[in-house]
Amino acid sequence: KAMEIISSSSVSGHADTYLPSLAQKGTALVSLRSSVETGTQAQVAQFLALRARELDSRVLSALASHASADPFVKVKKMIKDLIVRLMEEANEEAEHKGWCDTELATNEQTRK
């Protein structure tokens, strides 16, 4: 039934019209955001550091150092750790599946 609907004349040809506008073009938003903010973030941090020195303000100095830090360091580390853990689990599951397959084959041979 689905193939009939997709191949019908009322639907065919609309993919060329609607799908290209839905497809994501260019770089991912995260990489775009990080590259744009890196320059702006550095400029803001530099400006705050300059003002902190001029005004002899510890608060502005702390804010400047905080602004220059990468806000996604913890998130990136957590994602990398999660990937490593998932890969280790996948390896363990593959080993366990191999063991189970061997045991099943052995049991099947024993029964015959």
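None of the values given here were measured: they were computed from a predicted structure.

### Remarks on the pattern of salt bridges
Line of reasoning, step 1. In this structure the tally under the stated criterion is four salt bridges.
Line of reasoning, step 2. The partner of Arg51 in a salt bridge is Glu54, and the shortest N-O contact between them spans 2.9 Å. Placement of the pair is Arg51 and Glu54 together in helix H3 (residues 29-55), with a separation of three residues, close to one helical turn.
Line of reasoning, step 3. Given the relative accessible area of 37%, Arg51 is considered partly exposed.

### Digging into unusual backbone geometry
Line of reasoning, step 1. Its identity is not glycine, yet Asp56 carries a phi of approximately 55°, on the positive side.
Line of reasoning, step 2. Tracing the backbone shows Asp56 in the loop between H3 and helix H4 (58-68).

### Here we look at a negative patch on the surface
Line of reasoning, step 1. A surface patch of like charges, here negative, comprises Glu88, Glu92, Glu93 and Glu95.
Line of reasoning, step 2. Along the polypeptide, Glu93 turns up in helix H5 (residues 73-111).
Line of reasoning, step 3. Look at Glu93 and you get exposed, because its relative accessible area is 56%.

Parameters and conventions
Residues numbered from 1 in each chain as written. Predicted model: local features only at pLDDT ≥ 70, side-chain atom pairs only at ≥ 80, totals over all residues. Heavy atoms only, no water. Salt bridge = Lys/Arg side-chain N within 4 Å of Asp/Glu carboxyl O. Helix = DSSP H or I, 4+ residues; strand = E, 2+ residues; numbered from the N terminus. Buried < 20%, exposed > 50% of the residue type's maximum accessible area, 1.4 Å probe, protein only. Patch = residues over 30% accessible without salt bridge, like charges linked within 9 Å, V, L, I, M, F, W, Y side chains within 5 Å. Areas by Shrake-Rupley, 256 points an atom, 1.4 Å probe, with all protein chains shown as cover. Lys, Arg positive; Asp, Glu negative; His and termini not counted. Charge placed at Lys NZ, Arg CZ, Asp CG, Glu CD.

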